[in-house]
Amino acid sequence: MLLERRNSERASLLGVWVKEENGDYHFSYRACNISDEGIFLENRFKTNDQEAFSRLSFVLPNGKAIRNISAKMVREARVGKKTGAVFQFIDLEEQTRIELKKFIFDCTFRGTA
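Quick summary incoming for the structure in this document. Everything numeric in this text was worked out from a predicted model, so none of it was measured.

### Examining the pairing of strand β6 (residues 65–77)
Regular strands show a simple pattern: their side chains alternate between the two faces of the sheet.
Right, on to step 1. Relative to β6, strand β5 (residues 53–59) runs antiparallel, the two being bridged by six bridges. Its bridge partner lying in β6, Ser 54 is registered against Ala 71.
Right, on to step 2. If you look at the hairpin formed by β5 and β6, you'll find five residues sitting between the two strands, and Gly 63 has a positive phi there, around 95 degrees.
Right, on to step 3. Summarising the sheet, β6 and strand β7 (residues 84–90) pair through seven bridges and their orientation is antiparallel. Note that in β7 the partner of Glu 76 across the bridge is Ala 85.
Right, on to step 4. Once β6 ends, the chain turns through six residues before running back antiparallel as β7, passing Gly 80 with a positive phi of about 85 degrees.

### Quick look at the pattern of salt bridges
Right, on to step 1. Considering all chains together, one arrives at six salt bridges under this definition.
Right, on to step 2. Ionic pairing is found between Lys 101 and Asp 36, a salt bridge with its closest N-O pair at 3.7 Å. Of this pair, Lys 101 sits in helix α1 (residues 94–110) while Asp 36 sits in the loop between β3 (25–34) and β4 (38–42), and the two are 65 residues apart along the sequence.
Right, on to step 3. Lys 101 sits in the partly exposed class, given a relative accessible area of 46%.
Right, on to step 4. In this structure, Lys 102 engages Asp 106 in a salt bridge whose closest nitrogen and oxygen atoms are separated by 3.1 Å. Of this pair, Lys 102 and Asp 106 are both found in helix α1, four residues apart, which corresponds to roughly one turn of the helix.
Right, on to step 5. Lys 102 gets classed as partly exposed once you look at its relative accessible area, which sits at 48%.
Right, on to step 6. Given a relative accessible area of 9%, Asp 106 falls into the buried group.
Right, on to step 7. Residues joined in a network through salt bridges with shared partners are Asp 36, Arg 97 and Lys 101.

### Examining unusual backbone geometry
Right, on to step 1. Unlike most non-glycine residues, Asn 43 shows phi in positive territory, near 55 degrees.
Right, on to step 2. Within the secondary structure, Asn 43 sits in the loop between β4 and β5.
Right, on to step 3. In this structure, Asp 91 takes a positive phi of about 50 degrees despite not being glycine.
Right, on to step 4. Along the chain, Asp 91 turns up in the loop between β7 and α1.

### Here we look at the state of the cysteines
Right, on to step 1. For the structure on display, the rule yields zero disulfides.
Right, on to step 2. Considering cysteine sulfurs only, Cys 107 is the nearest to Cys 32, which forms no disulfide, with 13 Å between them.
Right, on to step 3. By relative accessible area, Cys 32 is classed as buried at 15%.
Right, on to step 4. A relative accessible area of 22% places Cys 107 in the partly exposed class.

Thresholds applied
Residues numbered from 1 in each chain as written. Predicted model: local features only at pLDDT ≥ 70, side-chain atom pairs only at ≥ 80, totals over all residues. Heavy atoms only, no water. Pairing = 2+ DSSP bridges. Helix = DSSP H or I, 4+ residues; strand = E, 2+ residues; numbered from the N terminus. Salt bridge = Lys/Arg side-chain N within 4 Å of Asp/Glu carboxyl O. Buried < 20%, exposed > 50% of the residue type's maximum accessible area, 1.4 Å probe, protein only. Disulfide = S-S within 2.5 Å.

Okay, here's the thing in structure tokens:
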């Protein structure tokens, strides 16, 4: 069951596309928001023939490239304006987590990215 939720600060994302790799499946989705724990991908839904874990790559609005993060889909939203899926980052490197927290802090408290 896909019920987990993030507990950390989030930042809205505009114009950020995420490349997902899952077995032979390669596709891009627009990201809606991000935290240091995961990311919401618009219009992404679980299919039965995909692996449990994906590799995600994207570039933050501040130019920081985040590449090949292991992630697991933990929740889907199929009602209302936000349709898509939440991916939880798995075994995120500490330096990448620090970069994400800095980006989110800048967005939240300074209004910049």
